[in-house]
Amino acid sequence: IHLEQSGGGLVQAGGSLTLSCASSDHSFSLYHMGWFRQAPGLERESVAAITWGGGSTYYADSVKGRFTISRDNAKNTVYLQMNRLKPEDTAVYYCAAAPRGGLFHYTEEDEYRFWGQGTQVTVSS
């Protein structure tokens, strides 16, 4: 499936941003979805994930309580609401889709078959 990201940009510390990731493919609801990020010089890391029906969500400890992942399968879209942003949240953010079936190892990049194009989030101090 093709994933198209939107949102992101520059925000001051303490501010909020919402990232969106949309697909035109109606099989979107068959996929678990995840958000990853990669800061300069660092490896890409898992930020959050949500199961295909939205029944379960997962968060990295660094964003727990500040970020919220959600999805609207009727709109084929997954969201990442980011609140109380910190300069260390600065990174390129990617959405990704993992086929459902078996255990969902949401932090493992190999689980994900399709990726968005990435969007820059910059948090100024």
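Everything that follows concerns the structure shown earlier in this document.
Since the model is a prediction, treat every value here as computed from it, not as a measurement.

Undergrad: Give a description of the pairing of strand β4 (residues 31–38) that names residues and reports values.
TA: Of all 8 residues in β4, 7 are buried, a share of seventy percent or more. Bridging between β4 and strand β9 (residues 91–99) involves 8 bridges; their strand directions are antiparallel. Following the sheet pairing, R37 is matched in β9 by Y93. Sheet analysis places β4 next to strand β5 (residues 45–50), joined by 5 bridges and oriented antiparallel. For G34, the partnering residue across the bridge sits in β5 and is A49.

Undergrad: Quick rundown of the pairing of β9? Include the residues and the values.
TA: Of all 9 residues in β9, 7 are buried; the element is thus mostly enclosed. Here β9 runs beside strand β11 (residues 119–124); their pairing, made up of 3 bridges, is antiparallel. From the neighbouring strand, V92 faces β11, where its bridge partner is Q120.

Undergrad: Got a sec to walk through the nonpolar core? Specific residues and values, please.
TA: Core analysis: the biggest nonpolar cluster contains 29 residues, and M33, W35, L80, M82 and Y93 have the highest contact counts within it. Looking at this core, the elements with two or more residues in it are β3 (17–22), β4, β5, β7 (67–72), β8 (77–82), β9 and β11. The greatest single-element share of this core, amounting to 4 residues, is contributed by β9. With residues up to four places along the chain from it excluded, the contact list for L80 reads L17, T18, L19, W35, V47, A48, F67, T68, I69 and Y93. Judged by nonpolar contacts, the second largest core, of 6 residues, contains A49, A96, A98 and Y112.

Criteria and thresholds
Residues numbered from 1 in each chain as written. Predicted model: local features only at pLDDT ≥ 70, side-chain atom pairs only at ≥ 80, totals over all residues. Heavy atoms only, no water. Buried < 20%, exposed > 50% of the residue type's maximum accessible area, 1.4 Å probe, protein only. Helix = DSSP H or I, 4+ residues; strand = E, 2+ residues; numbered from the N terminus. Pairing = 2+ DSSP bridges. Core = buried A, V, L, I, M, F, W, Y, C linked by side-chain atoms within 4.5 Å. Contact = heavy atoms within 4.5 Å.

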